[in-house]
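Architecture at a glance
Chain residues, written in single-letter form:
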Amino acid sequence: MNIVILGSGNAATHFGQAFQQLGHQIVQIYSKTKANADALAFALQCPGTDDLSQLLRNADLYLIAVSDEAIPTLVETMPQDIKGIVVHCSGATDMAILNRFRNYGVIYPPQSLSKNKAVDFSLIPFCVEGSDTSIANSLLQLTRRFSSRSILCNSQQRLAIHLSSVMVNNFSNILYQFAYELLEEHNLSFDLVRPIILETAEKVQNHVPITVQTGPAIRGDEATQQKHLKFISNKPDLQQIYQLLSHQITKRK
């Protein structure tokens, strides 16, 4: 396939590299910042542009890999006479935003992507949607060359996956930060809790999370919970989070 990538950030970089590894041809990079377009274009050995009027019209696939906030404006200003399939890779953006094009869809990887960290696409369950059955199946066939875990899902299901990803990734990470700050305050290293982070992550790979829940809340240990709350009495936000999460654990006993 001949592929145009719109975007020059983390997702654009990883997708571009992965497509090339499968033998596809990246024929153009677009970014609103010319230097960024040229940088990724140089890495992928193709032309770069910051001018949408110069966008190639005859590619097979147009991958929109920009921030969710930038998608609507970009879509509205893209040429409408594009012949290939236009897709975005957002988890929270409805596919219908692309309906000004003839063929469109979504390729969403529920994974945090960073330019400087290698990603094994074969481990990611790509979530695919298409404007019709034929497009959906074509995109599914494409992503299954990345990963056999790829699935078809609609925009509501994809939003559920995105929200779940935020909870297990972004929300858990800020709890790690709370722990980091608490330990640092008492001259202790975050290394002390890194093993238990790994242990918990490994358990949920093979179990329903609540079935491996541990701690004072699931045991109904009120004395320990009160001791914890007193210990962080100078941190009302953390107290509120502790109580809310403990209540949710207790409800599922």
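Residues numbered from 1 in each chain as written. Predicted model: local features only at pLDDT ≥ 70, side-chain atom pairs only at ≥ 80, totals over all residues. Heavy atoms only, no water.

Remarks on the side chain of glutamine 225
Here glutamine 225 lies in helix H8 (residues 222-231). In this structure, glutamine 225 is in contact with Pro216, Ala217, Gly220, Tyr242 and Ser246, ignoring residues within four places of it in sequence. (Helix = DSSP H or I, 4+ residues; strand = E, 2+ residues; numbered from the N terminus. Contact = heavy atoms within 4.5 Å.)

Side note on the sheet that holds strand S4 (residues 61-64)
Sheet architecture is open: 8 strands sit in the order S3-S2-S1-S4-S5-S6-S7-S8, paired in mixed fashion. Looking at the sheet topology across the chains shown, the edges are occupied by strand S3 (48-49) and strand S8 (151-152). Bridge count for strand S1 (residues 2-6) against S4 is 4 bridges, and the pairing is parallel. Its bridge partner being in S4, leucine 6 is matched across the sheet by isoleucine 64. Contacts from helix H4 (residues 133-143) reach S4, strand S5 (85-88), strand S6 (104-108), strand S7 (127-130) and S8, with the element oriented near 155 degrees to S7. (Pairing = 2+ DSSP bridges. Axes fitted to C-alpha atoms, helices over the stretch in contact; angles between N-to-C directions.)

Thoughts on the pattern of salt bridges
Any two side chains of opposite charge can pair, so long as their charged atoms come close to each other. One pass over the full model with this rule turns up 7 salt bridges. Arginine 158 is the partner of glutamate 129 in a salt bridge, and the nearest nitrogen-oxygen pair spans 2.9 Å. Here glutamate 129 is found in strand S7, whereas its partner arginine 158 is found in helix H5 (residues 155-185), with 29 residues between them in sequence. Residues glutamate 129 and arginine 158 agree in their burial class; the two are buried. (Salt bridge = Lys/Arg side-chain N within 4 Å of Asp/Glu carboxyl O. Buried < 20%, exposed > 50% of the residue type's maximum accessible area, 1.4 Å probe, protein only.)

Quick look at unusual backbone geometry
With a phi close to 60 degrees, glutamine 45 is a non-glycine residue in the positive phi region. Overall, the relative accessible area of 70% leaves glutamine 45 in the exposed class. Positive phi, close to 55 degrees, is recorded for asparagine 187, a residue that is not glycine. Its location among the elements puts asparagine 187 in the loop between H5 and helix H6 (194-203).

A closer look at the state of the cysteines
Applying the stated criterion across every chain yields a total of 0 disulfides. With no disulfide partner, cysteine 89 has as its closest neighbouring cysteine sulfur the one in cysteine 127, 12 Å distant. Using a relative accessible area of 13% as the deciding quantity, one classes cysteine 89 as buried. Left unpaired, cysteine 127 is separated from the closest cysteine sulfur, that of cysteine 153, by 4.4 Å. Residue classification places cysteine 127 among the buried residues on the basis of a relative accessible area of 2%. (Disulfide = S-S within 2.5 Å.)

Some remarks on the pairing of S1
With 4 of its 5 residues buried, S1 lies for the most part within the structure. Two elements, S1 and strand S2 (residues 25-30), share 5 bridges in a ladder whose sense is parallel. Within S2, the position partnered with valine 4 by the bridge is glutamine 28. In this view, the connection linking S1 to its parallel neighbour S2 by way of helix H1 (residues 10-21) has right-handed handedness. (Right-handed = clockwise from strand over helix to strand, strands pointing away.)

Looking at the nonpolar core
Among the nonpolar cores identified, the biggest contains 30 residues, and Phe15, Phe19, Ile26, Ile29, Leu61, Phe121 and Leu139 are the most heavily contacted of them. Breaking this core down by element, the ones donating at least two residues are S1, H1, S2, helix H2 (34-44), S4, S5 and H4. Not counting chain neighbours up to four residues away, the residues in contact with isoleucine 29 comprise Ile5, Gly7, Ala37, Leu40, Ala41, Leu44, Cys46, Pro47, Gly48 and Thr49. Counting 23 residues, the second-largest nonpolar core is a separate cluster that includes Leu6, Tyr30, Val86 and Tyr104. (Core = buried A, V, L, I, M, F, W, Y, C linked by side-chain atoms within 4.5 Å.)

Some thoughts on the packing of H8 against helix H9 (residues 236-251)
Closest axis-to-axis distance for the H8/H9 pair is 10 Å, and the angle between their directions is 160 degrees. By the angle class used here, H8 and H9 are roughly antiparallel. The interaxial crossing formed by H8 with H9 has right-handed handedness. Taking contact as the criterion, the partners of Thr224, Gln225, His228 and Leu229 in H8 are, on H9, Gln239, Tyr242, Gln243 and Ser246. (Parallel < 35°, antiparallel > 145°, perpendicular 65-115°, else oblique. Left-handed = near helix turned anticlockwise from the far one by under 90°.)

Structural measurements only, silent on function.
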